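Reading the structure
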Amino acid sequence: MKQVPDTRYARTPDGVYLAYRAIGHGPFDMVAPFDWMGNVDVLLDTEPTTIGMVEAMGAFARLIFFDRRGTGLSSRDVPPPNLETVVADCRVVLDELSIDRPVVFGFKAGGSAGVLLAATHPERVRSMIWYNPAARSTWAHDYPWGVGPEYVERSERAILERWGTAEYGPAMNAAERLPSGISGHLADDPDELLGMLSRHTATPDVALQMQRNWYETDVRAILPSVTAPMLIFSHGPDHAQAEYVASLIPHADLITVTSDRDRPVPSDATRVLDPIREWLGAPAPVHDIDSILSTVLFTDIVDSTATLAERGDRGWRELVEEHHAIVRAELARWSGLENDTAGDGFYATFDGPAKAIRCALEVVDRVRELGLEVRAGVHTGECTMIDGKIGGLAVSIGARVAATARPSEVRVSQTVKDLTAGSGFTFDDAGEHELKGVPGRWGLYRVSK
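Reading the values: rules and limits
Residues numbered from 1 in each chain as written. Predicted model: local features only at pLDDT ≥ 70, side-chain atom pairs only at ≥ 80, totals over all residues. Heavy atoms only, no water. pLDDT = per-residue confidence, 0-100. Helix = DSSP H or I, 4+ residues; strand = E, 2+ residues; numbered from the N terminus. Contact = heavy atoms within 4.5 Å. Axes fitted to C-alpha atoms, helices over the stretch in contact; angles between N-to-C directions. Parallel < 35°, antiparallel > 145°, perpendicular 65-115°, else oblique. Left-handed = near helix turned anticlockwise from the far one by under 90°. Nonpolar A, V, L, I, M, F, W, Y, C, P; charged D, E, K, R; others polar. Buried < 20%, exposed > 50% of the residue type's maximum accessible area, 1.4 Å probe, protein only.

1. Quick word on the confidence of the model for the chain
For the chain, mean pLDDT is 84; residues scoring 70 or higher make up 86% of the total. Per-element confidence in the chain ranges from a low mean pLDDT of 71 for helix H2 (residues 48-57) to a high of 97 for helix H9 (residues 240-247). Low pLDDT (under 50) marks residues 174-188, which in the prediction has 44 contacts with non-local residues, meaning those over four places away or in another chain. Here residues 284-289 is modelled with pLDDT under 50, and outside its nearest four sequence neighbours on either side it reaches three contacts, counting other chains as well.

2. Here's the deal with the packing of helix H5 (residues 149-162) against helix H8 (residues 204-216)
It is at 9 Å that the axes of H5 and H8 come closest, and there the two elements cross at 160°. One way to sum up the angle between H5 and H8 is to call them roughly antiparallel. The hand of the H5/H8 crossing is right-handed. Two secondary-structure elements touch here, H5 through Tyr151, Val152, Ser155, Glu156, Ile159 and Leu160 and H8 through Pro204, Ala207, Leu208, Gln211, Arg212 and Tyr215. When grouped by side-chain class, the residues that make up the contact of H5 with H8 number eight nonpolar, two polar and two charged.

3. Digging into the environment of Tyr244
Tracing the backbone shows Tyr244 in helix H9. Tyr244 gets classed as partly exposed once you look at its relative accessible area, which sits at 23%. For the pair Tyr244 and Ala134, spaced 110 residues apart in sequence, the C-alpha to C-alpha distance is 9.8 Å. Contacts of Tyr244, omitting those with residues within four sequence positions, involve Asp142, Tyr143, Trp145 and Arg220.

Here it is as structure tokens:
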């Protein structure tokens, strides 16, 4: 069973309990204060995008999240905090964990607390990463990226009338601007999840005050005072705001990743997290992979002994060399990896079954030019990494599938057929077979173009 880190509490000098969670095992401590929409249990356990990105980041950093006072699982019977209080509470959580100089991570306007912490307590900050920075949230004549008064009015009305319901998102046009504590693509029903997260974050009156604090905050004046190294990471279609913010910070590095969305999803992990890891100087992640899903292809020459007797040793050697050249050319064409060659047969692996089938069909056709026929078998399954090579039961199954094939025939397992729907192949039922050494009976199919 997957272990979920405990949510714990740190007590402030004025008696407020702050809920926090520490996740990951990397060499860096990274504190990531939520903005105002957050609940360490709900957001970190149920929101799939957040879970995926946090798990990926946890490979190179221990991540510390906490709920602001008045919200989430922290004490609710207290006034909503201003930015200074958030910074003080952040220090309490860091002290509870005996963390001296963490990396501070901020998301959009939620980075304001990190900026204040870095500027006022430089001895407590190793460095800061500001993702899609927003130095303020509302429009100004010298800050054109903020929201206008109409949006502010609409969002306040949404809190008062729709907070905690699935109608909250549409009421504030959430598809265009989600609150900065939420990391984007929210599962299958973003409106329902946003409503659920909102009611788990705060009551409407607290949410309204938190949002007003958010809209009234502008940290541009203190940006030149940040002496810690700062990474400004801009992810999205436009980087003008990030470039402007970076220009105000003395030791800022700017990294841009152009995308049609400005919030990360799990498929963005490599493009987003690798530059961050490299900037921090974290070692490359070591993946202890002992199994991998792979497609295996086996081929062998039909009646090779008879052909050898007919051609003689020299003629056979020349024929085999031509055969090998054809197979290797097709492997290169279809991105196959040659794993082994045993006399007159090949064992190769592919990252997709359609590529393996196309490679096999091409090999079958081309070797006929040499007066040869081959049989081929394809199977997709979980393979084991043994001394850097792919092995295991799935490989044995692929070899057994090939052994059932007739001359100039490509046979595949049911798994391969199920994974290649829409690829343009024709599958003819080849019946059920017992595969030597493999439990059960296996449905196999002949493949043609």
